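This is what each chain is made of:
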Amino acid sequence: MKKYSFLMCVNRKVPFLAAAIDSVLKQTCQDFLFYIIANNCDDDLWDFLSEYKDPRLRLHRTLIGQLSFNLNFGLNLIGDGYVLRMDADDICLPERLDLTKRWLADLNYPDVLGGDAILVDENNLEIGYVRPPRENSAIRSWLWRKCPMIHPSCAMNVRSALALRGYLGGFMSEDYDLWLRASRDETFVFRNIAAPLIRYRICSDQARGNKLGYAEVSGFMLREALLGRGMKFFVAAIVGVIKSIFLAKK
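What this report covers is the structure whose coordinates are included nearby. (Residues numbered from 1 in each chain as written. Predicted model: local features only at pLDDT ≥ 70, side-chain atom pairs only at ≥ 80, totals over all residues. Heavy atoms only, no water.)

Secondary structure summary: the chain contains 9 helices and 9 strands in total. Rg of the C-alpha trace for the chain: 18 Å, near the compact-globule value of 18 Å for 250 residues, within the 12% margin. A total of 250 residues make up the chain; the buried ones form 51% of that total. A separation of at least 24 residues holds for 76% of the contacts in the chain among residues at least 6 apart in sequence. A total of about 11900 Å² of accessible surface is found on the chain, and carbon and sulfur atoms cover 56% of it. (Helix = DSSP H or I, 4+ residues; strand = E, 2+ residues; numbered from the N terminus. Rg over C-alpha atoms; globule rule 2.2 N^0.38 Å. Buried < 20%, exposed > 50% of the residue type's maximum accessible area, 1.4 Å probe, protein only. Contact = heavy atoms within 4.5 Å. Areas by Shrake-Rupley, 256 points an atom, 1.4 Å probe, with all protein chains shown as cover.)

What follows is the structure, encoded as structure tokens:
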């Protein structure tokens, strides 16, 4: 039987953290473990997390304030099965795990499965809806233009992630780097389902429109171009440079 685990990394007590945790613990399917990695956090956050007594919860604390390291630490703890990513300011829809398990089985267990997202603002008001491409081929064709997987909606085969050596880089775009590296392997299967799995929070301090985020993605694209993946990745690198100069937040 497949094992399912949620993984959240958090380094500060954001206003939406309790709601994010509760949305996982209140899933309609209760057969999972929930790993929370508190990275480079203060005692206030750790004390808050320690108040949860749910037996499915696995709390760990590290001194490394870097997301990729802590995601890898979580993957190492989980070891196998599927890991469902979760961010500290998003909300899982109640049937996320149920839907994920059902679609994974129907699609013959792809390496990664994501879904749609309802966009919400800092006041929990719905402000949009994201429909990423569905099929493996379509997802791959999007990679040089835009990230085609909504990271906190994803369930990923842990062994597939470890085979890629886990998350390698990026302070704001570690997932994009992972998908680009995964796409070099023709046997790696991406899928997205036509159903919302999360309420995805849009806040002012996120990577969207951030200069560092643009710079990181531009570097990833240049790397792929130099590895012989086509002129389109070089074009994407140039576009990233232009965005970092003219569109990034000040």
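A separate point is the pairing of strand β6 (residues 112–120). Among the 9 residues in β6, 9 count as buried, and that is most of the element. With 2 bridges connecting them, β6 and strand β8 (residues 155–157) associate as antiparallel partners. Across the sheet, residue V112 finds its bridge partner in β8, namely M156. Across 8 bridges, β6 lies against strand β9 (residues 190–201) in parallel orientation. Counterpart to L119 in the pairing with β9 is Y200. Relative to strand β7 (residues 126–130), β6 runs antiparallel, the two sharing 4 bridges. Across the sheet, the residue bridging to V120 is E126, located in β7. (Pairing = 2+ DSSP bridges.)

Structurally, the position occupied by P148 is in the loop between α5 (136–142) and β8. Contact partners of P148, with chain neighbours within four places excluded, come to P132, P133, I139, W142, L143 and N192.

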